[in-house]
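Residue-level structure breakdown
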Amino acid sequence: MDLFSAGKLGSIALTNRVVMAPLTRNRAGEAGIPQDMNATYYAQRASAGLIVTEATPISAMAHGYPALPGIYTDAQIAGWKKVTDAVHAKGGKVVIQLWHVGRISHPSLLPDSTLPVAPSSIKPAGQAFTYEGLQDYVEPRALGADELPVIVQDYVHAAKSAIAAGFDGVEIHAANGYLLDQFLRNGSNQRADAYGGSFENRARLLMEVTQAVVDTIGLNRTGVRLSPVNPFNDMNDSDPQALFNYVATELNQFDLAYLHVVEGGIHGRGEAGPFDFNTFRKLFKGAYMANLSYDKARGNAAIACGHADFVAYGVPFIANPDLVARFKADAPLNEADSNTFYGGSEQGYTDYPFL
Ligand code: 8OZ
């Protein structure tokens, strides 16, 4: 078995195991509605075994960067339908990554210039990307326990919207320092209620969201993404190994399509601490999708030794719409231009050459 073997992610049948990782590209305009250009971009990459879309806000309060596409209004559903139709027409499969940024936002990006929300009122170090340029993060407002069911319902609404938009499934973004990860790790969660303290309490919101989404869309088509030691967005935890071993074990109770794991620190922003991903991986009994700086050889090795069932590639997919064909042919890869990663137009988005 290797990257080119067919496989099943829950109920989703894939022609290969090369997954396009979620990539924030900030090209959906201020209204957050996917455009024709976005459909072209994803359709160009449809030979991936699976596409995981860019992280997508589940509500107006879930936004934290400019020009993100949402998945909670009828216009956004219609916009995403163009994307899923275009990918399916090319024989591809696509799930949408459901996202709430929590404290990684700024009042200027939120309705009525309100404060971002978080498990605790702990301001992250760093600056938000806003329409007015970089601005310091603010101290977020700690969510009341009575507000958490509303957030769970926002995930449910977004998951229903995703199915209405034609997606093959959804991925719950619980990684990289955004809301669900802020609840998991104790550098950002100092709550004294049922959502803070013990591993069980800190994992409670993720489990409630996962349960609600799985109950809503069923059919074994929900994935979850974790990043146990990624320090991005000012994240840390006092015992990540024990915490995430617990989370991986608990996630076995759901009929998940897969667990997607960022195996270290990303974006070149800070050093990740030590973590035994092999032990962690073995605790999860379902399909495992590995991510972080894999190349073809390491991807094949991870599948051959049973560590991973699927491997997600990020930056290589920005620059190589036909990454699977290039891997197959051992062809050279295009270099990605980091100047056009976030925002802009077709340039650096839909104009990377095919073989
Ligand atoms: C890079 C820039 C903005 C957002 C993530 C959604 O890390 C992101 C993201 C990455 O998960």
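Described in the following lines is the structure provided in the data block. (Residues numbered from 1 in each chain as written. Predicted model: local features only at pLDDT ≥ 70, side-chain atom pairs only at ≥ 80, totals over all residues. Heavy atoms only, no water.)

Next up on the list: the overall build of the protein chain. Of the regular secondary structure elements, the protein chain holds eleven helices and 14 strands. The C-alpha radius of gyration of the protein chain comes to 19 Å, within 12% of the 20 Å expected for a compact globule of 355 residues. With the C-alpha coordinates of the protein chain rotated into their principal frame, the extents come out at 55 × 45 × 35 Å. Looking at the 355 residues of the protein chain, the share that counts as buried comes to 59%. In the protein chain, 73% of the contacts between residues at least 6 apart in sequence involve partners at least 24 apart. Accessible surface computed for the protein chain: about 13,000 Å², of which carbon and sulfur atoms make up 52%. Across the protein chain, the mean location of the 27 positive side-chain charges is 6 Å away from that of the 36 negative side-chain charges. (Helix = DSSP H or I, 4+ residues; strand = E, 2+ residues; numbered from the N terminus. Rg over C-alpha atoms; globule rule 2.2 N^0.38 Å. Buried < 20%, exposed > 50% of the residue type's maximum accessible area, 1.4 Å probe, protein only. Contact = heavy atoms within 4.5 Å. Areas by Shrake-Rupley, 256 points an atom, 1.4 Å probe, with all protein chains shown as cover. Lys, Arg positive; Asp, Glu negative; His and termini not counted. Charge placed at Lys NZ, Arg CZ, Asp CG, Glu CD.)

By secondary structure assignment, the location of Ile-172 is in strand E10 (residues 169-173). When the C-alpha positions of Ile-172 and Thr-340 are compared, they lie 26 Å apart, and in sequence the two are 168 residues distant. Beyond its immediate chain neighbours, meaning those up to four positions away, Ile-172 contacts Leu-98, Tyr-155, Leu-180, Leu-206, Val-209, Thr-210, Val-213, Thr-222, Gly-223, Val-224 and Arg-225.

Here the focus is the nonpolar core. Residues Leu-206, Leu-226, Val-247, Leu-251 and Phe-280 are the most contacted members of the largest nonpolar core, which totals 83 residues. If we ignore the near neighbours within four places in the chain, the residues touching Leu-226 are Ala-174, Ala-175, Leu-184, Leu-206, Phe-244, Val-247, Leu-251, Leu-259, His-260, Val-261, Val-262 and Phe-280. With 14 residues, the next largest nonpolar core counts Ile-12, Ala-21, Ala-257 and Ala-312 among its residues. (Core = buried A, V, L, I, M, F, W, Y, C linked by side-chain atoms within 4.5 Å.)

In total, this model carries 14 aromatic pairs according to the counting rule given. Ring geometry for Tyr-41 against Tyr-42: centres 4.8 Å apart, planes inclined by 65°, an arrangement best described as edge-to-face. In terms of burial, Tyr-41 and Tyr-42 fall into one category: buried. Cluster of aromatic residues (ring-pair linked, three or more members): Tyr-41, Tyr-42, Trp-80, Phe-167 and Tyr-349. Its end group placed over the ring of Phe-310, Arg-17 keeps NZ or CZ at 4.9 Å from the ring centre. (Phe/Tyr/Trp six-rings, centres within 6.5 Å; stacked < 30°, edge-to-face > 60°. Lys NZ or Arg CZ within 6 Å of the ring centre and 35° of its normal.)

This paragraph deals with unusual backbone geometry. Of note in the backbone geometry, Asn-220 takes a positive phi value of approximately 55° without being a glycine. With respect to the secondary-structure elements, Asn-220 resides in the loop between helix H6 (204-217) and strand E11 (222-226). Its identity as a non-glycine residue notwithstanding, Asn-233 has a phi of 70°, on the positive side. Relative to the elements of secondary structure, Asn-233 occurs in the loop between E11 and helix H7 (240-250).

In this structure Asn-233 comes out as buried when scored by relative accessible area, which is 8%. If we ignore the near neighbours within four places in the chain, the residues touching Asn-233 are Tyr-65, Arg-103, Ile-104, Pro-124, Tyr-137, Asn-176, Gly-177 and Tyr-178.

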